[in-house]
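# Breakdown of the fold
Here is what each chain is made of, one letter per residue.
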Amino acid sequence: MRSLFGFYKSEEDTAGTTEKASKDPTPISSPKNKSTDALAVPPVFECDVNAEDPLQEIRPLTDEEKKVFDKIKAGVPELIKDLPPIDPEALKFVDEEIPLDIEDWLTDECIARYVRARKGVYEETKKALRKTIEWRATTRPHAIRPDVVEIENKTGKMYFNGFDKLSRPVIYMYNHKQNTKEADNQIRWVVYTLEMCIRHMRPGVEKVTLAIDATHWGFSNSVYLGTAKKFLDTLANHYPERLGRAVVFMPPRLFVGFYNLVSPFIDPVTKAKVAFINPNSTDDAQAQTDNSSSPWVPIEECFEHSKLEKDCYGSWEFQYNHTIYWPAAEKEFAQFKASVVQDKGDKQEQDGGDKNEEVKQDDKQAKEETKGEKKEKTDA
């Protein structure tokens, strides 16, 4: 069986291979960078916000969808009631000091995404939201620790770095740098990366962009069918409406041919998000040559050259260096943790103050009632 971005392999296809790569796999450099010494350029996690920068247009809800949205929002107290405890197995992978984030997560924008993804059907939207709420309660995806997934990032096969022309976080994917085979941790790593991107979305941005280097696409750097299925299920069920664009650089003819075969079966909304780029050919000529059913586009349509990595044919001198990238990722997580823990403390302090005020009001009311009763007796 095959996937959109690589051939799937069954576990039988690779029987006898080691389950995990070594702790310190040797990075594989792009053919465009002969040296294995990565440049000392730090990653970019913060968007350089310019009020005039365009943002991706988010489809407004239809009148029928608005009715579903209002009904869902009115039922939020019931929706988040009786949440299950965290899975004991998940405790091994998360920072327990980071609180559950359901109320902060369940924003109006979040509800609207689920309404769109479930085509405005109330019961399906409610069911999907409750499923994700329970998933977040039991697995705490926002609290996955960096040390748990560091092995997945060692070679720089996938990571968040910078933003596209519409200020969407960019996840770079270099499949030929694959170094692990443990499915569960690969899924944790994808979730960790998505949560990191979401934390750094500027107001008005809800989606991510994938920059996929297909130069080395083939059988040897694909993922297991089971892993791929779990990955797609996680995205569809728990991160709906989060993909803005999937940009495939230099897809080989075999890749394009396969895509042409499966594209009629891909959801039109998803299909419209896929783009192919060949910097060495004009989009019209390339599309005509390959008879592609997905639009070939120029780089400029999706990225600014100066903010696109050289390995993806931009002019940004960034090249993944784990000794530089990972400390920055750990610092980002530490700052996030400090922020949410502080917010939790402030909320508890405020709740405590509110309760104290309620007690004071109750005491005052009780005293006034007692005083009134005494006065009535005196008058009598």
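In case you missed it, the structure is sitting above this.
Attention here is on the structure that accompanies the text. (Residues numbered from 1 in each chain as written. Predicted model: local features only at pLDDT ≥ 70, side-chain atom pairs only at ≥ 80, totals over all residues. Heavy atoms only, no water.)

## Looking at the overall build of the chain
Basically, it comes down to this: Only runs of H or I of at least four residues qualify as helices and only runs of E of at least two qualify as strands under DSSP, and these elements are numbered from the N terminus. Residue contacts are defined here by distance: any two heavy atoms, one from each residue, within 4.5 Å place the two residues in contact. The protein chains shown are the only cover counted for residues, whose accessible areas, like all others here, come from Shrake-Rupley with a 1.4 Å probe.
Within the chain one finds twelve helices and seven strands. Counted over contacts in the chain with a minimum sequence separation of 6, partners at least 24 positions apart contribute 80%. For the chain, the exposed surface amounts to about 20700 Å²; the carbon and sulfur share of it is 53%.

## So, the nonpolar core
Worth spelling out the cut-off: Throughout this description, the term nonpolar core refers to a set of buried Ala, Val, Leu, Ile, Met, Phe, Trp, Tyr and Cys residues connected via side-chain atoms within 4.5 Å. Under the scheme applied here, a residue whose accessible area is under 20% of the maximum for its type counts as buried, over 50% as exposed, and between as partly exposed, the area being computed with a 1.4 Å probe on protein chains only.
By size, the foremost hydrophobic cluster in this structure holds 66 residues, and its most contacted members are Ile171, Tyr172, Tyr192, Phe249, Phe276, Phe303 and Tyr325. Per-element accounting of this core gives the leading share, eight residues, to helix 7 (residues 183-199). Here tyrosine 172 is in contact with Lys157, Met158, Tyr159, Asn161, Ala211, Lys307, Leu308, Glu309, Cys312 and Trp316, once residues within four sequence places are set aside. Within the second largest apolar cluster, 18 residues are counted, among which are Val68, Ile72, Leu79 and Leu106.

## Quick notes on the packing of helix 1 (residues 63-74) against helix 4 (residues 108-117)
Between two packed helices, both the angle of their axes relative to each other and the distance between the axes serve to describe the pair. Here is the rule: To get an axis, fit a line to the C-alpha atoms, keeping to the stretch in contact for a helix; angles then go from 0 to 180 degrees between the N-to-C directions. Each angle is binned into one of four classes, with values under 35 degrees roughly parallel, values over 145 roughly antiparallel, values of 65 to 115 roughly perpendicular, and all other values oblique. Helix crossings are classified by the rotation of the near helix relative to the far one: an anticlockwise turn of less than a right angle makes the crossing left-handed, while a clockwise turn makes it right-handed. The residue classification treats Ala, Val, Leu, Ile, Met, Phe, Trp, Tyr, Cys and Pro as nonpolar and Asp, Glu, Lys and Arg as charged. All others, Gly included, are polar.
Interaxial distance between helix 1 and helix 4 falls to 10 Å at its minimum, and their mutual angle equals 130°. It follows that helix 1 is oblique to helix 4 by the angle criterion. Of the two elements, helix 1 crosses helix 4, and the hand of that crossing is right-handed. In this structure, helix 1 uses Glu65, Val68, Phe69, Ile72 and Lys73 to contact helix 4, whose residues at the interface are Asp108, Ile111, Ala112, Val115 and Arg116. Considering only residue class, the contact of helix 1 with helix 4 consists of six nonpolar, no polar and four charged.

## Overview of the pattern of salt bridges
Under the convention used in this document: Between Lys or Arg on one side and Asp or Glu on the other, a salt bridge is scored when a side-chain nitrogen of the former is within 4 Å of a carboxyl oxygen of the latter.
Enumeration over the complete set of coordinates arrives at 20 salt bridges. Close ionic contact of lysine 92 with glutamate 89 constitutes a salt bridge, the shortest N to O distance being 2.9 Å. A salt bridge links arginine 245 to glutamate 301; the nearest nitrogen and oxygen atoms lie 3.3 Å apart. In this pair, arginine 245 is assigned in strand 6 (residues 243-249) and glutamate 301 in the loop between helix 11 (283-290) and helix 12 (322-379), connecting sequence segments 56 residues apart. The network of salt bridges with common partners includes Asp95, Glu97 and Lys337.

## Side note on the pairing of strand 3 (residues 158-163)
Under the convention used in this document: Strand pairing is assigned whenever DSSP identifies at least 2 bridges connecting the two strands.
In terms of burial, strand 3 is a largely internal element, six of the six residues being buried. As paired elements, strand 3 and strand 4 (residues 169-174) share four bridges and run antiparallel to each other. Bridge pairing links methionine 158 to methionine 173 in strand 4. Linking strand 3 back to strand 4 in an antiparallel pair, the connection comprises five residues, with serine 167 at a positive phi of about 65°.

## What about the side chain of aspartate 95?
Our working rule: We define a polar contact as two N or O atoms separated by no more than 3.5 Å, with the added condition that, inside protein, one atom must be a possible hydrogen donor and the other a possible acceptor, whereas residues neighbouring each other in sequence contribute only through side-chain atom pairs.
Mapped onto the elements of the fold, aspartate 95 is located in the loop between helix 2 (76-79) and helix 3 (102-105). By relative accessible area, which is 13% here, aspartate 95 ends up buried. Within the structure, the side chain of aspartate 95 is placed 3.0 Å from the side chain of lysine 337, a separation counted as a polar contact. Apart from the residues within four sequence positions on either side, aspartate 95 is in contact with Ala143, Arg145, Phe333 and Lys337.

## Some details on helix 1
In an α-helix there are 3.6 residues to a turn, and that puts residues three or four apart on one side. Here is the rule: In this scheme, a helix's expected span is set at 1.5 Å multiplied by one less than its residue total. As used here, the arc is the angular range of directions from the helix axis to the C-beta atoms.
Between its first and last C-alpha atoms helix 1 spans 17 Å; for twelve residues at 1.5 Å apiece the expected length is 16 Å, and the two agree. Listed in full, the buried residues belonging to helix 1 are Glu65, Val68, Phe69 and Ile72. Viewed along the axis of helix 1, the buried residues span an arc of 105°, placing them on a single side of the element. Exposed side of helix 1, more than 90 degrees from the buried face: Asp63, Lys67 and Ala74 are the residues found there. Its buried side turned inward, helix 1 meets helix 2, helix 4 and helix 5 (122-139).

## Comments concerning the sheet that holds strand 3
The five strands are arranged 3-4-5-6-7 in an open sheet whose pairing can be described as mixed. Only two strands of the sheet have a single partner each, and these edge strands are strand 3 and strand 7 (274-277). The sheet shows a mean angle of 25° between the axes of neighbouring strands, direction not considered. Bridging between strand 6 and strand 7 involves four bridges; their strand directions are parallel. Bridge pairing in strand 7 links phenylalanine 249 to isoleucine 277. Here helix 7 sits on the sheet and contacts strand 3, strand 4 and strand 5 (208-213); the angle it forms with strand 3, its principal contact strand, is near 10°.

## As for helix 4
Judged by how many residues are buried, helix 4 sits mostly within the fold: seven of ten residues are covered. Residues of helix 4 that are buried: Cys110, Ile111, Ala112, Arg113, Tyr114, Val115 and Arg116.

## Details of the side chain of asparagine 278
Relative to the elements of secondary structure, asparagine 278 occurs in the loop between strand 7 and helix 11. For asparagine 278, a relative accessible area of 17% corresponds to the buried category. A distance of 2.9 Å separates a polar side-chain atom of asparagine 278 from the backbone nitrogen of asparagine 280.

## So, the packing of helix 4 against helix 5
Look at helix 4 against helix 5: their axes get within 9 Å of each other, and the N-to-C directions meet at 125°. The orientation of helix 4 relative to helix 5 falls into the category oblique. Crossing handedness for the pair helix 4 and helix 5: right-handed. Contact with helix 4, carried on its side by Cys110, Tyr114 and Val115, involves Thr125, Ala128, Leu129 and Thr132 of helix 5 and no other residues of that element. Counted by class, the contact of helix 4 with helix 5 contains five nonpolar, two polar and no charged residues.

## Some remarks on the packing of aromatic side chains
Test applied: Working definition: a ring pair exists when centres of Phe, Tyr or Trp rings (six-membered ring for Trp) sit within 6.5 Å. Plane angles under 30 degrees give stacked, over 60 give edge-to-face, the rest tilted. In this analysis the charged atom, NZ for Lys or CZ for Arg, is taken to sit over a ring once it is within 6 Å of the ring centre and within 35 degrees of the ring normal.
Counted under the stated rule, the structure contains 19 aromatic pairs. Between the aromatic rings of phenylalanine 249 and tyrosine 313, the centroid separation amounts to 6.2 Å while the plane-to-plane angle is 25°, which identifies the pairing as stacked. Of this pair, phenylalanine 249 sits in strand 6 while tyrosine 313 sits in the loop between helix 11 and helix 12; the two residues are 64 residues apart in sequence, bridging distant segments of the chain. Pairing tyrosine 320 with tyrosine 325 gives two aromatic rings, centres 5.2 Å apart and planes at 45°, and the pair type is tilted. Counting every residue linked through ring pairs, the aromatic cluster contains Phe45, Tyr159, Phe160, Phe163, Tyr172, Tyr174, Trp316, Phe318, Tyr320 and Tyr325. The ring of tyrosine 122 carries the charged tip of lysine 71 above its face, separated from the ring centre by 4.1 Å. For lysine 177, the ring lying beneath its charged end belongs to tyrosine 174, and the centroid distance is 4.9 Å.

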